[in-house]
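Breakdown of the fold
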Amino acid sequence: DTGVSQNPRHKITKRGQNVTFRCDPISEHNRLYWYRQTLGQGPEFLTYFQNEAQLEKSRLLSDRFSAERPKGSFSTLEIQRTEQGDSAMYLCASSSRRPGGRGYNEQFFGPGTRLTVL
Amino acid sequence: KNQVEQSPQSLIILEGKNCTLQCNYTVSPFSNLRWYKQDTGRGPVSLTIMTFSENTKSNGRYTATLDADTKQSSLHITASQLSDSASYICVVSAGGGGYNKLIFGAGTRLAVHP
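A brief structural summary. (Residues numbered from 1 in each chain as written. Chains lettered and ligands numbered in written order. Predicted model: local features only at pLDDT ≥ 70, side-chain atom pairs only at ≥ 80, totals over all residues. Heavy atoms only, no water.)

As a further point, take the overall build of chain A. For chain A, the count of helices and strands is 0 helices and 11 strands. Counting helices and strands in the order they occur from the N terminus, chain A gives β-β-β-β-β-β-β-β-β-β-β. Relative to the compact-globule value of 13 Å for 118 residues, chain A shows a C-alpha radius of gyration of 14 Å, a close match. By its C-alpha atoms, chain A is 50 × 25 × 20 Å across when sized along the principal axes. For chain A, buried positions account for 44% of its 118 residues. Across chain A, every contact between residues at least 6 apart in sequence was considered, and the portion connecting residues at least 24 apart equals 55%. (Helix = DSSP H or I, 4+ residues; strand = E, 2+ residues; numbered from the N terminus. Rg over C-alpha atoms; globule rule 2.2 N^0.38 Å. Buried < 20%, exposed > 50% of the residue type's maximum accessible area, 1.4 Å probe, protein only. Contact = heavy atoms within 4.5 Å.)

Below is the structure:
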């Protein structure tokens, strides 16, 4: 257990429905990341927050995807009008800069939410 | 284009044997290289992190090497156990800004059989 939690762990939905996932990072971490991972591939970056500010979004994040981190703590990832191609594992990670130096920015991953769109 | 390539794609070994997984990368500017272990249906867990100046790092039965000149890394697993069955992902961090972007390989799927 890395200290990063994600809910739900599994979600099955019908095409066209909206879904929302939640990530609770390690409490003192100010950076939070979302990734998508399809079978047999490594995770792909979606977006990243520093505190409550969303600082970078991948081109993978279409208009149907939105992420928020309203108070700089937990984050939500919403997918609207889901498509079968959205079926994947959605991973959240958090990190904190090492005080006084550049640091490694080591990212600690949650267990993921597996989305299946029927 | 920043890329991380891993070989082999999959590997089957017998319990107690050693194995070595390979990673080649073209990432610039390079910040550090990490190996993660990912059990089926779980998130990745960090095994080792190496910066440009480090060429070897161990974590128990896992030993990672880095050759920054040839842009190659390897992960050696000694005396494998059934619990080592997982995907092993090589990840290179691209620096140059406030946020170090992680470039992931596709992973090597290791199966350890009794």
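A word on the sheet that holds strand β3 (residues 19-24) of chain A. Residues and elements named next belong to chain A. In spatial order, the strands read β1-β3-β8-β7; together these 4 strands make up an open sheet with antiparallel pairing. Of all strands in the sheet, those bounded by a partner on one side alone are β1 (5-7) and β7 (65-68). Each strand of the sheet is rotated relative to its neighbour by a mean of 15 degrees, with strand direction disregarded. Looking at chain direction, β7 and strand β8 (residues 75-79) are connected through 4 bridges and run antiparallel. From the neighbouring strand, F65 faces β8, where its bridge partner is I79. (Pairing = 2+ DSSP bridges. Axes fitted to C-alpha atoms, helices over the stretch in contact; angles between N-to-C directions.)

With that settled, consider the interface of chain B and chain A. In this assembly, 24 residues from chain B lie in contact with 23 residues from chain A. Interface area for chain B against chain A, summed over the two sides, is near 1900 Å², with a carbon-plus-sulfur share of 52%. Taken together, chain B and chain A are joined by 0 salt bridges. Linking chain B to chain A there are 4 residue pairs in polar contact (both at pLDDT 80 or more). (Buried area = accessible area lost by both parts, 1.4 Å probe. Salt bridge = Lys/Arg side-chain N within 4 Å of Asp/Glu carboxyl O. Polar contact = N/O pair within 3.5 Å; in protein donor to acceptor, adjacent residues only side chain to side chain.)

Below, the discussion takes up the packing of aromatic side chains. Within the structure shown, the criterion is met by 11 aromatic pairs over all chains. On the numbers, 6.5 Å between centres and 40 degrees between planes, the contact of F65 of chain A with Y90 of chain A is tilted. One end of the pair, F65 of chain A, is in strand β7; the other, Y90 of chain A, is in strand β9 (residues 88-95), with 25 residues separating them in the sequence. Looking at F65 of chain A, the relative accessible area reads 8%, which means it is buried. On the basis of an interplanar angle of 80 degrees and a centroid distance of 6.1 Å, the ring pair of F109 of chain A and F104 of chain B is categorised as edge-to-face. Of the two residues, F109 of chain A sits in strand β10 (residues 108-109) while F104 of chain B sits in strand β10 (residues 101-104), which places them in two different chains. Counting every residue linked through ring pairs, the aromatic cluster contains Y33, Y35, F45, Y48 and F109 of chain A together with Y36 and F104 of chain B. Across the ring face of F74 of chain A, the terminal group of R22 of chain A is positioned such that the distance to the ring centre comes to 3.9 Å. One Lys or Arg, R61 of chain B, reaches over the ring of Y62 of chain B and ends 5.7 Å from the middle of that ring. (Phe/Tyr/Trp six-rings, centres within 6.5 Å; stacked < 30°, edge-to-face > 60°. Lys NZ or Arg CZ within 6 Å of the ring centre and 35° of its normal.)

The next thing to look at is the pairing of strand β3 (residues 19-26) of chain B. All names here are of chain B. Alternating positions in β3 separate cleanly, C19, L21, C23 and Y25 being buried on one face and T20, Q22, N24 and T26 remaining unburied on the opposite face. Summarising the sheet, strand β1 (residues 3-7) and β3 pair through 5 bridges and their orientation is antiparallel. Directly across from S7, in β3, lies its bridge partner Q22. For β3 and strand β8 (residues 72-77), the ladder comprises 6 bridges, and the chain directions are antiparallel. Directly across from T20, in β8, lies its bridge partner H76.

Functional significance is not addressed by these values, which are geometric in nature.
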